[in-house]
Amino acid sequence: MQTSLTEAQVIQIIEKHGKEARKLISILLDIEEASGRNFVDEPWVALVSRELDVPLSKVYDVLTFYAMFSTKPRGEFVIEICKSTPCHFNKAEQVVDWFKEALGIEVGESTLDGKFTLIRTSCVGACDVGPAVKIGNDVYGNLTREKVDILVKSYKQALPELREEFLCQN
């Protein structure tokens, strides 16, 4: 699948950050967000390397080191289930099963409609309310089967008001 981004849009993102190599992560995050599918497409990796005058290997190092990046299309909403020790002991595996059931996919997969991708990730910074999950930029904690079902429904049907009460205020 090709991204809908144009070269001009990617250049604009790079220029917004002053074409500074030290802002590589921010640039890649902005490109990923602008892609509409939460990934950095291969042509843009080379363009970033060239425009910032950094080795292609360095750009790939960043893209493959940090779990928040992908070079393959993902869902509109990336659901990141925390796998840190506190969440693990608070039954994060059960939360994984609930999301798998609600979405009909396995960890690492995306729904056929391109709406969701389910992944495991390191700490999301909500140890006090584990098990926790991050969807987009929002973190939800103290998850139950009912909360998972409501969260999935709220994102499927674009009803943010259904999930507001579950939002962590970290």
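Everything quoted here is computed from the prediction, not taken from an experiment. (Residues numbered from 1 in each chain as written. Predicted model: local features only at pLDDT ≥ 70, side-chain atom pairs only at ≥ 80, totals over all residues. Heavy atoms only, no water.)

We now examine the packing of aromatic side chains. Under the criterion given, the structure shown has four aromatic pairs. On the numbers, 4.8 Å between centres and 65 degrees between planes, the contact of phenylalanine 77 with tyrosine 155 is edge-to-face. Of the two residues, phenylalanine 77 is situated in strand β1 (residues 77-82) and tyrosine 155 in helix α7 (residues 145-156); the sequence distance between them amounts to 78 residues. Tyrosine 155 sits in the buried class, given a relative accessible area of 5%. The interplanar angle of 85 degrees and the centroid separation of 6.5 Å between the aromatic rings of tyrosine 140 and tyrosine 155 together place this pair among those described as edge-to-face. Taken together, the residues span a long stretch of sequence, with tyrosine 140 in strand β4 (residues 138-140) and tyrosine 155 in helix α7 at a distance of 15 residues. An aromatic cluster of at least three residues, connected via ring pairs, comprises Phe77, Phe116, Tyr140 and Tyr155. (Phe/Tyr/Trp six-rings, centres within 6.5 Å; stacked < 30°, edge-to-face > 60°. Helix = DSSP H or I, 4+ residues; strand = E, 2+ residues; numbered from the N terminus. Buried < 20%, exposed > 50% of the residue type's maximum accessible area, 1.4 Å probe, protein only.)

Across the six residues of strand β2 (residues 116-121), five count as buried, placing the element largely inside the fold. In this structure, β1 lies alongside β2, joined through six bridges in parallel fashion. Within β2, the position partnered with cysteine 82 by the bridge is threonine 121. (Pairing = 2+ DSSP bridges.)

Their axes nearest at 12 Å, the elements helix α2 (residues 24-34) and helix α3 (residues 42-52) cross at an angle of 145 degrees. For α2 against α3, the interelement crossing comes out right-handed. Along the contact surface, α2 presents Leu24, Ile27, Leu28 and Ile31, while α3 presents Trp44, Val48 and Leu52. Partitioning the contact of α2 with α3 into residue classes produces seven nonpolar, no polar and no charged. (Axes fitted to C-alpha atoms, helices over the stretch in contact; angles between N-to-C directions. Left-handed = near helix turned anticlockwise from the far one by under 90°. Contact = heavy atoms within 4.5 Å. Nonpolar A, V, L, I, M, F, W, Y, C, P; charged D, E, K, R; others polar.)

Let us now look at the sheet that holds β2. Overall, mixed pairing links the four strands, which are arranged β2-β1-β3-β4 in an open sheet. Each edge of the open sheet is held by one strand with a lone partner, namely β2 and β4. Geometrically, the sheet is characterised by an average inter-axis angle of 25 degrees between neighbouring strands, direction not taken into account. Bridge count between β1 and strand β3 (residues 133-135): three bridges; the pairing is antiparallel. When the bridges of β3 are listed, glutamate 80 appears paired with lysine 134.

As a further point, take the environment of leucine 28. Mapped onto the secondary structure, leucine 28 falls in helix α2. Classification of leucine 28 as buried rests on a relative accessible area of 0%. With 11 residues separating them in the primary sequence, leucine 28 and histidine 17 have C-alpha atoms 11 Å apart. If we skip the residues at most four places from it in the chain, leucine 28 touches Val40, Val48, Val59, Val62, Leu63 and Phe69.

Relative to the helices and strands, glycine 114 resides in the loop between α6 (92-103) and β2. Ignoring sequence-local partners within four residues, the contact set of glycine 114 consists of Arg37, Gly75 and Glu76.

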